[in-house]
Amino acid sequence: MHDKLTLFAGTLFLLLLAFASMSIFVVDQRQYAIVFQLGEVKNIIMEPGLKFKLPLIQNVRRFDRRILTMDVSKSEERFLTSEKQNVIVDYFVKWRIVDPKLYYQAVSGDETRATIRLNQAVNAGLREEFGKSSVHEVISSKRDAIMRQMNERANRDARSIGVEIVDVRLKRVEYPSEVSINVYSRMEAERTRVANERRSKGAADSERIRADADRQRDIVVAQAVSDALQIKGEGDAKAAAIYAEAYNADPEFYSFYRSLEAYRASFAGKDDLIVVAPDADFFKYLKTPQGKR
């Protein structure tokens, strides 16, 4: 009898323990939870902690409350700008669940279905904003404003499925490969044209500078020659004046001195030879100091 009571008590304890384990669940601080009763939403749990539910007739589904990322990369989808230019865009979206019940009702709590809906909303917003902007504005000057407006538009659609778009950022905006080749070819042609213009201008400037330098050189040389001739003329004039003064002072000595200079110049080397008549006036001072025969 005692053994039967012990067995009954143990069984009852295990049943109570199993009942308690099926009645208690924990909601992490990174999660939301929805309690379902016979397939219908019974309770929405927004705060973390130890929670209770009815076993067997109630079940729990948890949803991530953290910021999630939807990365749209390596896409070949094209967007048309206001310039009627096709561009390829890669972007990412930061989003989170803000209404678990609506999120469950809209996409059955399926993250894949949610990202598809978000991508459609963001894609439509991007197409609208790109259609009103040029490539330069999208890349630089109006990029932040475009992202802000597109974020507000996409968020209106995202709220309908219980989520919030935190941020949308462009990762890549570029032309398709066939357009890029044409763009690069035009850029190369433009750079080549500019380079040729600068080379031509440089060559023209070089010729102008060289011609100006040659002209200035000719002027300097001509001025130097003129100055040299003037100085030489002045020197010759002074020399002639000195010779004339010396001649007038003592004509005989002047004649004797000039003859010595002529002899020195004529017989400077050992092999010098001169053929003149013996009685020529050239040798008159070799005969007597007075030049007499």
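Nothing here was measured: the structure is a model prediction, and the numbers come from that model. (Residues numbered from 1 in each chain as written. Predicted model: local features only at pLDDT ≥ 70, side-chain atom pairs only at ≥ 80, totals over all residues. Heavy atoms only, no water.)

K.L.:
What exactly am I supposed to notice about the overall build of the protein chain here?
P.N.:
Scanning the protein chain from terminus to terminus reveals 8 helices and 9 strands. With 293 residues in all, the protein chain has 24% of them scored as buried. Of all intrachain contacts in the protein chain linking residues separated by at least 6 positions in sequence, the fraction that spans at least 24 positions is 63%. Surface accessibility of the protein chain: about 20,300 Å² in total, with carbon and sulfur atoms responsible for 56%. (Helix = DSSP H or I, 4+ residues; strand = E, 2+ residues; numbered from the N terminus. Buried < 20%, exposed > 50% of the residue type's maximum accessible area, 1.4 Å probe, protein only. Contact = heavy atoms within 4.5 Å. Areas by Shrake-Rupley, 256 points an atom, 1.4 Å probe, with all protein chains shown as cover.)

K.L.:
Sorry if this is basic, but what is going on with the packing of helix H2 (residues 100-107) against helix H3 (residues 111-131) here?
P.N.:
Helix-helix packing: each pair is described by the crossing angle between the helix axes and the interaxial distance. Running from N to C, H2 and H3 point in directions that differ by 85°, and their axes come no closer than 9 Å. Judged by the angle between their axes, H2 and H3 are roughly perpendicular. Touching Tyr-103, Ala-106 and Val-107 of H2 are Glu-111, Arg-113, Ala-114 and Arg-117, all from H3. Of the residues contributing to the contact of H2 with H3, the split by class is 4 nonpolar, no polar and 3 charged. (Axes fitted to C-alpha atoms, helices over the stretch in contact; angles between N-to-C directions. Parallel < 35°, antiparallel > 145°, perpendicular 65-115°, else oblique. Nonpolar A, V, L, I, M, F, W, Y, C, P; charged D, E, K, R; others polar.)

K.L.:
Would you take a moment to explain the pairing of strand S6 (residues 68-72) for this structure?
P.N.:
Consecutive side chains of a regular strand alternate in pointing toward one face of the sheet and then the other. Alternating positions in S6 separate cleanly, Leu-68, Met-70 and Val-72 being buried on one face and Thr-69 and Asp-71 remaining unburied on the opposite face. As paired strands, S6 and strand S8 (residues 86-97) are joined by 5 bridges and run antiparallel to one another. Opposite Leu-68, over in S8, you have Trp-95 as the bridge partner. (Pairing = 2+ DSSP bridges.)

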